[in-house]
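# Fold and geometry: a report
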Amino acid sequence: MRREKLVIEVVAAHNLMPKDGQGSSSPFVEVDFENQRLRTLSKYKDLNPVWNEKLVFDISNPADLPYRTIEVNIYNEKKSGNSRNFLGKVRIYGSSIARQGEEMVQLFTLDKRSLFSHIRGEISLKVYITTQDEHSSQSNAVQKSAENEKDRNNTHVQKQKITQASSSQSVQLRQQQNQQLIQQQQKQGNSVETRPNEIKPVVIAAAKLVPLLPDPVGPSFHHLVGSGGEFQLKETSPSLGGGMTSKDKTSSTYDLVEQMQYLYVRVVKARDLAIGGDAHAEVKLGNYKGVTKPASEKRDWDQTFAFSKDCVQSSMVEIFIKERGDDYVGRIAFDLSEVPRRVPPDSPLAPQWYRIEDRKGDKGKGEIMVSVWYGTQADEAFSEGWHSKAENVHGDGLGSIKSKVYLSPKLWYLRVSVIEAQDLVPGDKGGTIMRYPELYVKAQVANQVLRTRSAVPSANRSISNPIWNEDLMFVVAEPFEDYVMVSVEDRIGPGRDELVGRVIIPVNSIERRLDDKMVVSRWLGLDYKNYNGFGDSKMGSSRVGSRIHLRICLDGGYHVLDESTMYSSDMRPTAKQLWKPNVGVLEMGILGATGLLPMKIKEGKIGSVDAYCVAKYGQKWVRSRTVIDNLAPKWNEQYTWEVFDPCTVITIGVFDNSHLDKSSGLYNILDSRIGKVRIRLSTLESDRVYTHAYPLLMLHTSGVKKMGELHLAIRFSSANMANLLHLYTQALLPKMHYISPLTVNQLEMLRSQTMNVVSARLSRAEPPLGREVVEYMLDHDSHLWCMRRSKANFFRLVSVLSGLIAAGRWLETLRSWNRPLHSVLFLLIFLVFVVIPELILPTVLLSISFTGLWRYRARPRHPPHMDTRLSYAESVYPDELDEEFDTFPTTRSADIVRMRYDRLRSVAGRIQTVVGDLATQGERLQALLSWRDPRATFLFVMVCLIAAVAFYTVPLRLVVALWGVYALRPPRFRNRLPSPALSFFRRLPTRTDTLL
């Protein structure tokens, strides 16, 4: 039995950091695995080196490989040969290593060794496990390469410049040393035992020994290193129907899509046929065939068939009338050259009666009503017609491939204010032990259940008259068919609750409010019912006089959030009376997709995808038709939305339809996600058509993956620019969110309830929009914690603060007088501002204005898209991805959970340290006047008194000028020790020493 070996093929690196002081580096790769250390050759002065070298490692215990890590480090080899500079590292987890035959080239972003390391670039690796003898497979190549090594080295020496002669000799020497080490390994039987902390010689294929002059990079590598380009937005130039420069947008309904030609055949009905009641019509065009549903005795079908012009392979379309089997009763044929063409807004073509022919070609008695015409996707029959490319879809699957427009239900916040109760009679099920009742109120609307806290005992209120004063918030949808059930319960023990009383209120009878005015509260009587475990109820002893004080209303002044406010598509309140007029129109053409990855396997095909597109903006959802079995589908469907706020986002998602064949074993209940695109309307210029290919990116447990590209044409139009600009000064959310704000916990809970209500309503449409689609479009899991998002947000914060940090460094360079001219100019400008302070604010505002005007030339010309670097998706560790895709609660083993818990504790420890440092500085400020350190406070008070007298007698401008000159004094007049004020501040006491 052959032992398994780990093979790491070092392909290439890209965009490395120069470290040799001459704008370049001489990189080599060193890999460490289980105390085995191998390295590649050095590439002389190459920031984009290509190695193509294999490093082979022995695996001591294959079962422990998922728990091992591989350290890949890149170094710059200095001229001396004994020292090196760090260029970056990559850590690979054993759980992500593939078997031989399943491996693929992976691109890794180089990580820093510490926070202050200056690292950039990527490295391409191929990591896999093999049972083949990689050493023996390389021996022939080594011997064959040794014969040509001398000639190749001579050729490269001739190509080198004279200034590189000494460096090329050192590289040749290293090559010869590697060859000697390889030959020594082969003489020892291709088995090298590695001692701990011993560096093994590099094992490479001689056919891939990299010469001094690197080989040109092939096309596949260009595609690989262009991962930045692969994930970037691409501008396209489709042939749009209305023309990209057309100003008359009403001339064509479909001016943002490419025109698609179809042959439409509408079969209405037949008469005078001497056949049974299960007759059906069959439309045949070449190899494509569409069949109507069996009709009743009236022979009324009224079905339309759409054949794409791309698949027309015949000059004639035939319509057969059949009763059963393949025998037909009659037929009719149309020559395609004589078929008329219809262009909307022309009226639909009227169907006509045609006499059918029998099998002999003679005219029969029966007639069929048919209309045939050429049209485009703008035709009314397009959305409901049978399509030739869906001929293999039958039964219920036909309903799931049609395009559809959905409307989210009108949602309201239902507020139940529980104030108090009177004359409650708690039960006596607590036993003989005297106890104080733990009374609480439970409210339920449909499947939403909320509870108040238990009533707190009070000396001036009896047990039977508890008080709560709590608000319970629910989400309800029109039409109101639900009830609000409010019940008072007594918690007898853990898991044991006794019903004290309840009241049921229909939602449609609840008062609505549009502002912050309080509605009238009501006292409602409580009924008592004793429930058994089977859902039946029987009236118990009547507890007369028990009642509860409630204030219930439907809040129409809020916007019911179903998306995050960071990328919401609508900000309007629920009540239509509070809506403002629209400020523009959003038009979007869903052109198609290219390069989609296969999502499932069908018979006779390696991979397939049945893609459809979903777009969501405001309350309007649109779903394109499903293009069957096509990795480059073309939809060419156009939709329009009214825009009430430009600072909103439209979301477009692509999915794989899994509801086409319910009888197949491959049928899935859930549709698979392919990718998603968000476009912020405020980043679009008015009346400009944007045509781009957006990368569809998905985060998997193996990392980020490009699933294809989505081609869109989008245009935002605004008739009144003044109204649009005025909207930027208005509040983002309705005023009720600011007058009576909801807590963060309430908003998260209500958003989850909203998503459940919307998904339940849309899943009952036809074709249904599945819950998995709604959750993905609304980002239902965006609030869950994961290490990747935490790092991304941290680096976002660092990027925001980088401007302040750069300004601080610039001021420090001025104070250091490295450039005396700059320091003198800054000092003079500072003194001018001190003398004439009226210039400060106008100068700052004027500088900001000119900076904005200067940057107008370099303004972004394309809408933003998903950024993998900003999302920290390119350099995330596999374990962090596995943690992100884990369910809640977790389903992982105890060891993995313990490891992640320890990691979270270390991260939280750093945050704890930072928070403690901030608290320390604040406590030192408080200690200035707290007399905790009497000598320090006395000294501070005396200094303040002296400074008050000095500032009263000395002009403020003179004080500021002297302070500026003192702060900008040259280094020779400066002491390296901290200033007396800073030393005094650091000596102030804090409360850290009183912590346990």
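Residues numbered from 1 in each chain as written. Predicted model: local features only at pLDDT ≥ 70, side-chain atom pairs only at ≥ 80, totals over all residues. Heavy atoms only, no water.

## A look at the overall build of the protein
Rules: Numbering of helices and strands runs from the N terminus, with a helix taken as a DSSP run of H or I at least four residues long and a strand as a DSSP run of E at least two residues long. Classification of residues uses two cut-offs on accessible area relative to the type maximum, computed with a 1.4 Å probe and protein chains only: under 20% is buried, over 50% is exposed, and between them is partly exposed. Every accessible area reported is derived by Shrake-Rupley at a probe size of 1.4 Å, with residue values counting cover from the shown protein chains alone.
Of the regular secondary structure elements, the protein holds 16 helices and 40 strands. Every one of the 996 residues in the protein was classed for burial, and the buried ones make up 43%. For the protein, the accessible area works out to roughly 55,300 Å², and carbon and sulfur atoms hold 55% of it.

## As for helix H7 (residues 744-762)
Note that an α-helix has 3.6 residues per turn; residues three or four places apart therefore point the same way. What counts here: Expected span of a helix: the number of residues minus one, times 1.5 Å. The contact rule is simple, with two residues in contact once any of their heavy atoms fall within 4.5 Å.
Across its 19 residues, H7 extends 27 Å between first and last C-alpha, which sits within 8% of the 27 Å expected from 1.5 Å per residue. Where H7 is concerned, the buried positions are Leu 750, Arg 751, Gln 753, Thr 754, Met 755, Val 757, Val 758, Ser 759 and Leu 762. Where H7 is buried, its residues meet strand S21 (404-407), strand S22 (411-422), strand S24 (448-451), strand S25 (467-477), strand S35 (620-623) and helix H8 (771-778).

## Considering the sheet that holds strand S27 (residues 496-506)
Counted only if it meets this: The rule for pairing is simple: two strands pair if DSSP sees at least two bridges between them. The convention used is that axes are lines fitted to C-alpha atoms, helices contributing only their stretch in contact, and that angles between N-to-C directions extend from 0 to 180 degrees.
What the four strands build is an open sheet, ordered S24-S23-S26-S27; its pairing is antiparallel. The two strands at the open ends of the sheet, each matched to only one other strand, are S24 and S27. For this sheet the average axis-to-axis angle between neighbouring strands, irrespective of direction, equals 20°. When strand S23 (residues 439-445) meets S24, the two strands line up antiparallel, connected through four bridges.

## What about the side chain of Thr 920?
Among the structural elements, Thr 920 can be located in helix H13 (residues 894-927). In this structure Thr 920 comes out as buried when scored by relative accessible area, which is 14%. With near-sequence residues (within four places) excluded, Thr 920 lies in contact with Thr 990 and Thr 992.

## Quick word on the environment of Arg 461
Along the chain, the position of Arg 461 falls in the loop between S24 and S25. The exposure class assigned to Arg 461 is partly exposed, which follows from its relative accessible area of 29%. Those residues in contact with Arg 461 that sit more than four places away from it in its chain are Glu 420, Ala 421, Pro 466 and Ile 467.

## A look at the pairing of strand S19 (residues 363-375)
Across the 13 residues that make up S19, a large majority, 10, are buried. Relative to S19, strand S12 (residues 262-271) runs antiparallel, the two being bridged by nine bridges. When the sheet's bridge partners are listed, Arg 266 is paired in S19 with Ser 371. Here strand S18 (residues 352-357) pairs with S19 via five bridges, running antiparallel. Looking across to S19, one finds that Arg 355 is bridged to Glu 367. Connecting the antiparallel pair S18 and S19 is a turn made up of five residues, with Gly 361 showing a positive phi of about 90°.

## A word on the packing of aromatic side chains
Convention followed: To pair, rings of Phe, Tyr and Trp, with the six-membered ring standing in for Trp, must have centres within 6.5 Å; the planes then decide the type, stacked if under 30 degrees apart, edge-to-face if over 60, and tilted in the middle. A ring is scored as having a charge over it whenever the NZ atom of a lysine or the CZ atom of an arginine sits within 6 Å of its centre and within 35 degrees of its normal.
Under the counting rule described, the total for this entry stands at 20 aromatic pairs. When the centroid spacing of 5.4 Å and the interplanar angle of 70° are considered together, the rings of Phe 794 and Phe 795 count as edge-to-face. Connected via pairs of aromatic rings, a cluster forms that spans Tyr 262, Tyr 264, Trp 373 and Phe 382. The ring of Trp 412 carries Arg 512 above its face, with NZ or CZ at 4.9 Å from the centroid. The ring of Tyr 567 has Arg 678 sitting right over it, with the charged end atom 4.0 Å from the ring centre.

## Quick word on the nonpolar core
One recurring pattern in soluble globular proteins is that nonpolar side chains are buried together. Here is the rule we go by: The term nonpolar core refers to a set of buried residues drawn from Ala, Val, Leu, Ile, Met, Phe, Trp, Tyr and Cys, joined through side-chain atoms within 4.5 Å.
Ranked by size, the top nonpolar core spans 63 residues in total, and within it Trp 621 and Ile 650 carry the most contacts. In terms of residues, this core owes the most to one element, strand S34 (residues 611-617), which gives six residues. If you look at the next biggest cluster of nonpolar residues, it comprises 32 residues, including Val 10, Ala 13, Leu 65 and Val 90.

## A short note on a nonpolar patch on the surface
Worth spelling out the cut-off: Each patch is built from residues lacking any salt bridge and having more than 30% relative accessible area; the joining distance is 9 Å for like charges and 5 Å for nonpolar side chains (Val, Leu, Ile, Met, Phe, Trp, Tyr). A carboxyl oxygen of Asp or Glu within 4 Å of a side-chain nitrogen of Lys or Arg is what we treat as a salt bridge.
Together, Leu 797, Val 800, Leu 801, Leu 804 and Ile 805 give the surface a local cluster of nonpolar side chains, amounting to about 490 Å² of exposed area. Assignment of secondary structure puts Leu 797 in helix H9 (residues 787-816).

## Considering helix H10 (residues 820-835)
To keep things clear, this is the line we draw: By arc we mean the arc of the directions from the helix axis to the C-beta atoms, nothing more.
Taking 1.5 Å of rise per residue, 16 residues should cover 22 Å, and H10 covers 23 Å from first to last C-alpha, within 8% of that figure. Residues of H10 that are buried include every one of Ser 823, Leu 827, Phe 830 and Val 834, and no others. Projected down its long axis, H10 carries its buried residues within an arc of 60°, all on one side. Exposed positions of H10 whose direction lies more than 90 degrees from the buried face are Leu 821 and Val 835.

## Some words on the sheet that holds strand S11 (residues 234-235)
Pairing within the open sheet is antiparallel, and its five strands lie in the order S11-S39-S40-S33-S36. With partners counted over all chains shown, the strands left at the sheet margins are S11 and strand S36 (634-643), one partner each. Across two bridges, the pairing between S11 and strand S39 (residues 689-700) is antiparallel. Each bridged residue has a counterpart across the sheet, and for Lys 234 the counterpart in S39 is Ala 693.

## Quick notes on the environment of Arg 266
You can see Arg 266 is positioned in strand S12. On the accessibility criterion, Arg 266 (25% relative accessible area) is partly exposed. Considered as a pair, Arg 266 and Val 283 are 17 residues apart in the sequence and their alpha carbons are 9.5 Å apart. In this structure Arg 266 touches Asp 302, Gln 303, Thr 304, Pro 351, Met 369, Val 370, Ser 371 and Trp 373, once residues within four positions along its chain are discounted.

## Focus: the pairing of strand S9 (residues 122-130)
Both faces of the sheet carry side chains from a regular strand, because those side chains alternate between them. A large share of S9 lies buried, amounting to nine of its nine residues. Residues Glu 122, Ser 124, Lys 126, Tyr 128 and Thr 130 line one face of S9 and the alternating positions Ile 123, Leu 125, Val 127 and Ile 129 line the opposite face, and both faces are buried. In this sheet, S9 lies alongside strand S1 (residues 5-14) in antiparallel orientation, the contact comprising nine bridges. Of the residues in S9, the one forming a bridge with Glu 9 is Lys 126. Two elements, strand S7 (residues 98-99) and S9, share two bridges in a ladder whose sense is parallel. Bridging from a neighbouring strand, Arg 99 pairs with Ile 129 of S9.

## Observations concerning the packing of H9 against H10
Put simply, the rule reads: Relative orientations are named as follows: roughly parallel for angles under 35 degrees, roughly antiparallel for angles over 145 degrees, roughly perpendicular for angles from 65 to 115 degrees, and oblique for any other angle. Classification used: nonpolar for Ala, Val, Leu, Ile, Met, Phe, Trp, Tyr, Cys and Pro, charged for Asp, Glu, Lys and Arg, polar for all others including Gly.
The N-to-C vectors of H9 and H10 enclose an angle of 105°; their axes lie 8 Å apart at closest approach. With respect to H10, the element H9 is oriented roughly perpendicular. Here H9 contributes Trp 810, Leu 811, Thr 813 and Leu 814 to the contact with H10, which in turn contributes His 822, Ser 823 and Phe 826. Here the residues of the contact of H9 with H10 are counted per class, giving four nonpolar, three polar and no charged.

## A few points about the side chain of Ser 371
Here Ser 371 is to be found in strand S19. Exposure remark for Ser 371: the relative accessible area of 3% places this residue in the buried category. Each residue touching Ser 371, except ones within four places of it in the same chain, is listed here: Tyr 264, Val 265, Arg 266, Leu 349, Ala 350 and Pro 351.

## Details of the pattern of salt bridges
Scanning all chains against the criterion turns up 50 salt bridges. The salt bridge involving Glu 282 is made with Lys 322; its shortest N-O contact spans 3.0 Å. Of the two residues, Glu 282 sits in strand S13 (residues 280-285) while Lys 322 sits in strand S16 (residues 316-322), which places them 40 residues apart along the sequence. Using a relative accessible area of 7% as the deciding quantity, one classes Glu 282 as buried. Of the charged contacts in the structure, one is a salt bridge between Arg 715 and Glu 587, with a shortest N-O distance of 3.0 Å. Taken as a pair, Arg 715 in strand S40 (residues 703-717) and Glu 587 in strand S33 (residues 584-594) lie far apart in primary sequence, 128 residues in all. For the pair Arg 715 and Glu 587, a shared accessibility class is recorded, and that class is buried. Within this structure, Asp 879, Asp 882, Glu 883, Asp 886, Arg 892, Arg 900 and Arg 903 form a network of salt bridges that share partners.

## Brief notes about the environment of Leu 724
Positionally, Leu 724 belongs in helix H5 (residues 721-727). Taking C-alpha positions, Leu 724 is 8.2 Å from Asp 645, a pair spaced 79 residues apart along the chain. Excluding residues that lie within four positions of it along the chain, Leu 724 makes contacts with Val 583, Pro 646, Ser 686, Phe 716 and Ser 718.

## As for unusual backbone geometry
A cis geometry characterises the amide bond from Glu 478 onward to Pro 479, with omega recorded as -5°. Within the fold, Pro 479 resides in the loop between S25 and strand S26 (483-493). With an omega of 0°, the peptide bond between Glu 766 and Pro 767 qualifies as cis. Here the phi dihedral of Asn 15 falls at roughly 60°; this positive angle occurs in a residue that is not glycine. For Asn 15, a relative accessible area of 33% corresponds to the partly exposed category. Phi at Asp 687 takes a positive value of approximately 60°, unusual for a residue other than glycine.

## Concerning the packing of H7 against H8
Our working definition: Each crossing gets its hand from how the near helix is turned against the far one by less than a right angle, where anticlockwise is left-handed and clockwise is right-handed.
For the pair H7 and H8, the least separation of the axes is 9 Å and the interaxial angle reads 140°. Here H7 lies oblique to H8, going by the angle between them. The hand of the H7/H8 crossing is right-handed. Mapping the contact onto sequence places Arg 751, Met 755, Asn 756, Val 758, Ser 759 and Leu 762 in H7 and Arg 771, Val 774, Glu 775 and Leu 778 in H8.

Nothing here speaks to function; it is geometry throughout.
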